[in-house]
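# A structural walkthrough
Each chain is listed here by its residues.
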Amino acid sequence: MRLGPLKIPWVGKDSHKDDPYWDFFINTPPVDLANTVTEMIRSAPEGNIFPTKAELHTPEITSSHVKELARYLGTDLIGIAQLDPTASGKADAKEIYPFAVICAVQADYDPRQAPGIGGQVPVQKGLFITFVLSAWIRELGFRATAALDPDAERLAVAAGLGTLNAEGKLVTPEFGTRVHVANVIRTDLPLAPDG
């Protein structure tokens, strides 16, 4: 685009491909992790569980409330999976959660391959969503913990968000592989599973 003698180089499709600042923003990890929002959210302690459980509607209505709040907070995809209590290997009943809430956000860059501040935007967005959503569930008087899960993409498939490709990556109808699965919220809030 030209405006008289002035040329605006950043206007146009794919103009960031030749921009060294964009490459730095997407691909260069921060020197100090204290400069990232992700570390603040990850190191924040979980709150207490409200001592009196809220009176709930049916699991289907409660699930719709959880999903609407997650969408309000910015998730692009959300699903609920039923967890197998025998698969956790935990004997302590306090650690058994019957449900997992899985949130996914669109990701223009794969955060596993784009360690820069810009490449980590989907991670930050997902952390915010799961942090607030799990805090809200605890305010209802139910247990909820949001944490990284190596089986997050498998749980996303169980929640009906998509399928796994040959590389084990989640493929959704809406975004293909351009999606990031946020921390998985494990909870004992009575929900209706999807998928």
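Keep in mind that what you see is a predicted model, and the values were worked out from it rather than measured.

Along its length, the chain carries 5 helices and 9 strands. Going from the N terminus to the C terminus, the chain shows its helices and strands as β-β-α-α-α-β-β-α-β-α-β-β-β-β. A burial count over the chain gives 37% of its 195 residues as buried. Within the chain, residue pairs in contact and separated by at least 24 positions form 73% of the contacts whose partners lie at least 6 positions apart. Working note: accessible area of the chain is about 11600 Å², and carbon and sulfur atoms make up 58% of it.

Time to look at the nonpolar core. Core analysis: the largest hydrophobic core is formed by 19 residues, its most contacted members being Val66, Val101, Cys103, Leu133, Leu189 and Leu191. Dropping the residues within four chain positions of it, Val101 is found in contact with Val66, Ile78, Gly79, Ile80, Leu133, Asn183, Val184, Ile185, Thr187 and Leu191. Ile102, Ala159, Leu170 and Val181 belong to the second-largest nonpolar core, a separate cluster that totals 16 residues.

The next point concerns the packing of aromatic side chains. The full count for this structure, using the stated rule, is 1 aromatic pair. Their ring planes at 50° and their centres at 5.6 Å tell us that Trp22 and Phe25 sit as a pair that is tilted. You can see Trp22 and its partner Phe25 sitting in helix α1 (residues 20-27), 3 residues apart, about one turn around the helix.

Below, the discussion takes up the packing of helix α3 (residues 59-73) against helix α4 (residues 121-139). Two numbers describe how α3 lies on α4: the axes approach to 10 Å, and their chain directions differ by 145°. α4 is crossed by α3, and the crossing has right-handed handedness. Contacts from His65, Val66, Leu69, Ala70 and Leu73 of α3 reach α4 at Phe128, Ile129, Val132, Leu133 and Trp136. Its residues assigned to classes, the contact of α3 with α4 comprises 9 nonpolar, 1 polar and no charged.

The next thing to look at is the pattern of salt bridges. Taken as a whole and judged by the stated rule, the model has 11 salt bridges. Measuring nitrogen to oxygen at the nearest pair gives 4.0 Å for the salt bridge that ties Arg138 to Glu46. Of this pair, Arg138 sits in helix α4 while Glu46 sits in the loop between α2 (37-43) and α3, and the two are 92 residues apart along the sequence. With relative accessibility at 3%, the residue Arg138 sits in the buried group.

A few words now on the side chain of Thr38. Within the secondary structure, Thr38 sits in helix α2. In this structure Thr38 comes out as buried when scored by relative accessible area, which is 8%. A polar atom in the side chain of Thr38 sits 3.3 Å from the side chain of Thr36. Not counting chain neighbours up to four residues away, the residues in contact with Thr38 comprise Val123, Gln124 and Leu127.

About the thresholds
Residues numbered from 1 in each chain as written. Predicted model: local features only at pLDDT ≥ 70, side-chain atom pairs only at ≥ 80, totals over all residues. Heavy atoms only, no water. Helix = DSSP H or I, 4+ residues; strand = E, 2+ residues; numbered from the N terminus. Buried < 20%, exposed > 50% of the residue type's maximum accessible area, 1.4 Å probe, protein only. Contact = heavy atoms within 4.5 Å. Areas by Shrake-Rupley, 256 points an atom, 1.4 Å probe, with all protein chains shown as cover. Core = buried A, V, L, I, M, F, W, Y, C linked by side-chain atoms within 4.5 Å. Phe/Tyr/Trp six-rings, centres within 6.5 Å; stacked < 30°, edge-to-face > 60°. Axes fitted to C-alpha atoms, helices over the stretch in contact; angles between N-to-C directions. Left-handed = near helix turned anticlockwise from the far one by under 90°. Nonpolar A, V, L, I, M, F, W, Y, C, P; charged D, E, K, R; others polar. Salt bridge = Lys/Arg side-chain N within 4 Å of Asp/Glu carboxyl O. Polar contact = N/O pair within 3.5 Å; in protein donor to acceptor, adjacent residues only side chain to side chain.

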